[in-house]
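Read off the chains here:
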Amino acid sequence: MDHRNAPWPGSPAAADSTAATARPNVVVRQDGHLSVLDWETISLDDPLLDLGMAAVGLAQDAGNLAPARLDALLSGYQDIAPPSDEDAAALPMEIVHAALSIAFHRYYRHNIRFPDPAKSSIHNEMLQFVDSVEKTTSLRG
């Protein structure tokens with residue numbers, strides 16, 4: 001077995017090998033701490049969208065936003081650079097933005113670019129997640 005591309009034990013990558021927490025994306029720094037690199041979409045982008053993407057990948061359970069997991073993810077950021085009030089208020093919308101971006105990518109990939117009937121509706125999973133974000137956060141209308 002090629003362990004270079006194996007999922008990190010206990011991570012969501014076990015279900016999705018393209019997740020940012022797959023072994024090739026985890027780097028052990030000189031101080032012994034771990035850093036995660038997402039080579040697939042590396043660019044200069046909005047850090048809040050990156051945090052939204054991390055929340056989609058790491059803060060869900062059974063397809064829904066898991067508030068305890070989101071709190072655990074955010075606590076790491078709080079220790080290093082607490083978000084401004086504006087960023088904290090915008091985060092739920094960035095989580096939705098991330099989930100809808102993933103839904104579009106999945107739809108396009110499995111219905112247009114590389115049609116695969118077995119995966120043609122996988123994008124709908126993100127719609128359930130978006131609904132749960134809206135129910136769990138201040139996005140409720």
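Scroll up to find the structure.
Residues numbered from 1 in each chain as written. Predicted model: local features only at pLDDT ≥ 70, side-chain atom pairs only at ≥ 80, totals over all residues. Heavy atoms only, no water.

Draft legend 1. Seen up close, the packing of helix α1 (residues 47–58) against helix α3 (residues 85–113). Contact pair α1 / α3: the axes reach a minimum separation of 7 Å and the direction vectors enclose 65 degrees. As α1 runs across α3, the sense of the crossing is right-handed. Packed against α1, whose contacting residues are L48, L49, L51, G52, M53, A55 and V56, the element α3 presents D87, A90, L91, E94, I95, H97, A98, A99, S101 and I102 at the interface. When its residues are assigned to classes, the contact of α1 with α3 shows 12 nonpolar, three polar and two charged. (Axes fitted to C-alpha atoms, helices over the stretch in contact; angles between N-to-C directions. Helix = DSSP H or I, 4+ residues; strand = E, 2+ residues; numbered from the N terminus. Left-handed = near helix turned anticlockwise from the far one by under 90°. Contact = heavy atoms within 4.5 Å. Nonpolar A, V, L, I, M, F, W, Y, C, P; charged D, E, K, R; others polar.)

Draft legend 2. Inspection of the nonpolar core at higher detail. Among the nonpolar cores identified, the biggest contains 20 residues, and V56, I95 and F129 are the most heavily contacted of them. At the level of elements, α1, α2 (67–80), α3 and α4 (124–136) are the ones that each hand at least two residues to this core. Considering each element in turn, this core owes the most residues, seven residues, to α3. Here I95 is in contact with G52, A55, V56, L70, F129 and V133, once residues within four sequence places are set aside. (Core = buried A, V, L, I, M, F, W, Y, C linked by side-chain atoms within 4.5 Å. Buried < 20%, exposed > 50% of the residue type's maximum accessible area, 1.4 Å probe, protein only.)

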